[in-house]
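Summary of the model geometry
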Amino acid sequence: MSTSHHHHHHPHLITTFFFLFLNFFCLHANELELLLSFKSSIQDPLKHLSSWSHSSTNDVCLWNGVVCNNFSRVVSLDLSGKNISGQILTSATFRLPFLRTINLSNNNFFGPIPHDIFTTPSPSLRYLNLSNNNFSGSIPRGFLQNLYTLDLSNNMFSGEIHKDIGFFLNLRVLDLGGNVLTGHVPASLGNISKLEFLTLASNQLTGGIPVELGLMKNLKWIYLGYNNLSGEIPYQIGGLSSLNHLDLVYNNLSGPIPPSLGDLKNLEYMFLYQNKLSGQIPPSIFTIRSLISLDFSDNSLSGEIPELVAQLQRLEVLHLFSNNLTGKIPQGVTSLPRLQVLQLWSNKISGEIPANLGKYNNLTVLDLSTNNLTGKLPHTLCDSGHLTKLILFSNALDNAIPPRLGQCESLERVRLQNNGLSGELPKGFTELQHINFLDLSNNNLIGNISSWDMPQLEMLNLSKNNFSCELPNLSKSKKLKKLDLSRNRISGVVSLRFMTFPELMDLDLSENEITGVVPSELSSCKNLVNLDLSHNNLTGEIPSSFSEFSVLSDLDLSCNQLSGEIPKNLGNIESLVQVNISHNLLHGSLPLNGAFLAINATAVAGNNDLCSVNNVNGLRPCKLVRKRSTKSWWFVITSTFIAFLVVLVSGFFITLIFQKTNNVLEVKKVVQEDGTNWEIQFFDSRFMKSFTVNEILSSLKEQNVLLDKNGVQFVVKEVKKKYDSLPDISEIRKLSDHKNILKLVATCRSEKVSYLIHEDAEGKPLSQILNGLSWERRRKIMMGIAEALWFLHCQCSPAVNAGDLSPENIVVDVKDEPRLCLSLPGLLCMDAAYMAPETREHKEVTSKSDIYGFGILLLHFLTNKNSFGDKDIESGVNESLVNWARYSYSSSQLDTWIDSSIDTSVYQQEIVHVMNLALTCTVIDPQERPCTKNVLKALESISSSSSPCTTYFSKILSLAQQFWLCLIC
């Protein structure tokens, strides 16, 4: 019986094993095919997926980025940071049956994600990370009940957050930050009771913070900053007992801070800055003993800081600046052992600085500036040995600077200006080795300041004091960029030691008692932008070597005893804007070029022997000295003959030009067989017979390429906006050839459509080649476009505006030169993503709106984030791109926002400078954007930043960097 029974079961066992093996093999083959299908739909320039192939191995578990379980089933797909690009056209890869983890973050994926991504994936999926890509479109509907982590941050997702999000019941982490999402924060989030980390920051969300967030008792992190949220902070948030991090910054939240927030006993970080909060700070806040960082700055808070602050024994950062706080600085802050940063500036705080401040703290940054503080500086401020920033300017502090600050070796930035400080500088103060910024101006300081040893010093301002000595020896401060010693009692001569500052940009020695001559060697300071030597006792002549200044903008030599003639080549300094040479002993004629052409009368007054050939500026006319010559008759005859020839030649050329002008402006009218009226207008007479209307229309079927009978190729571009009459094109015909501008040859229009005919640059649109471009090539293209803008704005008269600066409108030719395709003036036929806010509002293109478009282009170069369509832009998406860039730049490491194909290890400083420039170009107020010339100079200085000399425009960039990074001075 037993034997027979055994024989009966043996075939069934074999069959079972066979089907198990067959099932295993089919599943394995299915996984292999799905992964290979995914690989075929993407671009992998760095060959990270080279192991993914039939030929290498059929074991997918050995493939790069693939992890399997003990049964050789794929459970994880991690391709983060591989520089992969392309669109995810299907959710098939997400349906691998055992897949638990998908990480495609930090790549260049673009386009929408599959619409069924939240309805059909594997039920095993626990972790989905698509962050730091270029995904766009709306977030798909649906939900995954078993998902633990959903990270879609730092993409370009738009639209609203659907209430479906509330069905992701097992989520622990939800990060949708750094997108362009709109609408309200859905109340359904309150259903996700297990959620621990919620990040919706840096979007365009509006409305209030839903009270339902108070139901999410497991929340440890709330980050809703950088949106447009309004209303009051819900008191229900005070019930989130597990909360560790609360961040609601950069919104429009109003009303008081709820006292219930004091119940958050596990809270370590509370950031409510840059809102419209009012009222007093609830005392309960100062009972959260776990607080490490508290920032309520940039609100409208009032009242006093309570002594309860002494309970925050773990506090490291206290930011309450830019409010309306009154009263005194509480004595309690002196007893906070971990306090590193105390910033209370720009309030109405009065009284003295607590006497022991710094003694029991660990201070690194102290900023109490712009208040009503009185009394003397505590001698304990640097007792921690770590104080780097001491900023107390614009108060009413008096007495001497404490001697112990002379031994504060950690100091890097000291700003004590606009107080009533007196006495001499403490011993050792002028030898502090790490100070890079020192401003003691507008005090009552005295003494000798002739000896300095500050090798890191970049900015020194001692103006408006009572220092009496010779000019200080600053030869060890090789990095000095700005030096202001004005309005003291400094004497002696301008030493040749001043020639040792290769980076000096601003030198002000005015209103002192300096004597001697102006050294000609001063021109070796090639980066000097502002030079003020006025109101001294300088003698001698103005050095002719001053014409060698390449970026000098403001020169003031007034109220001295300078003599001789003004060097004629001084007007050759292209950058020179303002000159003041008044009240000297100068004679001779005023130069007839550069800044002297429109010089103000007050800037030349007080020079009795100075004259003007043009009889302008209030100067007497120069007398013409006539010399008789024995050969005067020959001179007259020769001159007459030459003049006759000049008239003949001029007449000939005027005739030619007139004829050419008429040709250029001639409009040809053609009636087609179908009765359509066409107008074709040429801007270059050489091509007037090159093509006809029929040939232009035929070219639209040949990829918009037009070939004339001589083999010359042109590109035909349709103007998307209809216009009833041709705009003024007189400025277009004045454009000479420029290597970075595509030549506009002709226009052709009917009542329904219009076309522009350009020369063909034999290249590709920038939009097609940007992905994967090296930083060197990007830099060259940026420079080329900047040079084209400078030519259009500064060299053409009247100025010409570029209009569309999108990558689709820039062709990179075979020589790697960018060529800008101009539109007709007055037409807003441009990519709306590159349109300045004021252009959308007033329908007008200006040089400053071009600068805005250039800034967006720079952001595109840096981040490789795609631009958007008109519909999105009209709702404010390009501002969101700028906001996203500002947010990412200020709150993230370089690698999180920069295009991953750029080598940041070599060009990090250049990249940061370009980002600063981009953010400066895209400010909302057009008047605050830099002019085109400064933009070009800034890029030139960035390109040459490896040289020892940093130009004036690096200063602009560094100031911008301080602003965007919120480094409070």
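Anyway, here's the lowdown on the structure attached to this text. Bear in mind the structure is a predicted one, so any value in this text is a computation, not a measurement. (Residues numbered from 1 in each chain as written. Predicted model: local features only at pLDDT ≥ 70, side-chain atom pairs only at ≥ 80, totals over all residues. Heavy atoms only, no water.)

Each helix and strand in the protein was counted, giving 13 helices and 56 strands. A buried classification covers 53% of the 969 residues belonging to the protein. Across the protein, contacts joining residues at least 24 apart in sequence account for 52% of those joining residues at least 6 apart. (Helix = DSSP H or I, 4+ residues; strand = E, 2+ residues; numbered from the N terminus. Buried < 20%, exposed > 50% of the residue type's maximum accessible area, 1.4 Å probe, protein only. Contact = heavy atoms within 4.5 Å.)

Residue placement: asparagine 83 occurs in the loop between β3 (74–78) and β4 (85–86). Only 2.9 Å separates the side chain of asparagine 83 from the side chain of asparagine 108, close enough to count as a polar contact. Here asparagine 83 is in contact with Gln43, Pro45, Leu46, Asn106, Asn107, Asn108, Ser900 and Ser901, once residues within four sequence places are set aside. (Polar contact = N/O pair within 3.5 Å; in protein donor to acceptor, adjacent residues only side chain to side chain.)

In the structure, helix α11 (residues 904–921) departs most strongly from a straight axis at glutamate 910, where the bend amounts to approximately 40°. With 14 of 18 residues buried, α11 lies mostly within the body of the structure. (Bend = angle between axes of the 7 residues up to and from the residue.)

Here a disulfide denotes one covalent bond, and it connects the sulfur atoms of two cysteines. This model, assessed by the stated rule, comprises 3 disulfides. One disulfide bridge connects cysteine 61 with cysteine 68, the sulfur atoms lying 2.1 Å from each other. On the sign convention where negative is left-handed, the bridge of cysteine 61 and cysteine 68, at about -95° about the S-S bond, is left-handed. In this model, cysteine 611 is linked to cysteine 622 through a disulfide, with the two sulfur atoms separated by 1.9 Å. The sign of the 95° torsion about the S-S bond sets the cysteine 611-cysteine 622 disulfide as right-handed. In this pair, cysteine 611 is assigned in strand β45 (residues 609–612) and cysteine 622 in the loop between β46 (620–621) and α2 (632–665), connecting sequence segments 11 residues apart. What makes cysteine 611 buried here is its relative accessible area of 7%. Left without a disulfide partner, cysteine 794 is nearest to the cysteine sulfur of cysteine 931, which lies 6.7 Å away. When its relative accessible area of 38% is taken as the criterion, cysteine 794 is described as partly exposed. (Disulfide = S-S within 2.5 Å.)

Right, let's talk about the packing of helix α7 (residues 847–863) against α11 for a bit. Taken N-terminus to C-terminus, the directions of α7 and α11 make an angle of 145°; their axes are 8 Å apart at the nearest point. Considering the relative orientation of α7 and α11, their crossing is left-handed. Seen from α7, the contacting residues are Ile851, Tyr852, Gly855, Leu858, Leu859, Leu862 and Thr863; seen from α11, they are Ile911, Val914, Met915, Leu917, Ala918, Leu919 and Cys921. Of the residues assigned to the contact of α7 with α11, the class counts are 12 nonpolar, 2 polar and no charged. (Axes fitted to C-alpha atoms, helices over the stretch in contact; angles between N-to-C directions. Left-handed = near helix turned anticlockwise from the far one by under 90°. Nonpolar A, V, L, I, M, F, W, Y, C, P; charged D, E, K, R; others polar.)

Moving on to a nonpolar patch on the surface. Taken together, Leu592, Leu597 and Val613 make up a surface patch of nonpolar side chains, about 290 Å² in accessible area. Looking at the element boundaries, leucine 597 is found in the loop between β44 (585–589) and β45. By relative accessible area, leucine 597 is classed as exposed at 53%. (Patch = residues over 30% accessible without salt bridge, like charges linked within 9 Å, V, L, I, M, F, W, Y side chains within 5 Å. Areas by Shrake-Rupley, 256 points an atom, 1.4 Å probe, with all protein chains shown as cover. Salt bridge = Lys/Arg side-chain N within 4 Å of Asp/Glu carboxyl O.)

Between its first and last C-alpha atoms α7 spans 24 Å; for 17 residues at 1.5 Å apiece the expected length is 24 Å, and the two agree. Burial of α7 is extensive: 16 of the 17 residues sit out of reach of the surface. Just downstream of α7, asparagine 864 is the residue with a positive phi angle, here 60°. (Expected span 1.5 Å × (residues − 1).)

Right, let's talk about the environment of leucine 744 for a bit. Summarising the element assignment, leucine 744 is placed in strand β52 (residues 744–749). Residues leucine 744 and phenylalanine 682, spaced 62 residues apart in sequence, show a C-alpha to C-alpha distance of 8.8 Å.

Turning our eyes to something else, we now look at the sheet that holds strand β15 (residues 230–231). With parallel pairing, the 5 strands of this open sheet are ordered in space as β15-β17-β19-β21-β23. This sheet does not close on itself; its edge strands, each paired only once, are β15 and β23 (324–325). As paired strands, strand β21 (residues 300–303) and β23 are joined by 2 bridges and run parallel to one another. Looking at β23, one finds that glycine 303 is bridged to leucine 325. (Pairing = 2+ DSSP bridges.)

Right, let's get into the pattern of salt bridges. Evaluated as defined, the whole model comprises 16 salt bridges. Note that aspartate 453 is salt-bridged to lysine 476, the shortest N-O span being 3.9 Å. Of this pair, aspartate 453 sits in the loop between β33 (444–447) and β34 (459–461) while lysine 476 sits in the loop between β35 (466–467) and β36 (482–484), placing them 23 residues apart in sequence. You can call aspartate 453 partly exposed: its relative accessible area is 23%. The salt bridge partner of glutamate 787 is lysine 739, with a shortest N-O separation of 3.9 Å. Within this pair, whereas glutamate 787 is found in helix α5 (residues 775–795), its partner lysine 739 is found in the loop between β50 (713–719) and β51 (741–742), the two being separated by 48 residues in sequence. Taken together, the shared-partner salt bridges in this structure form one network comprising Glu458, Lys481 and Glu503.

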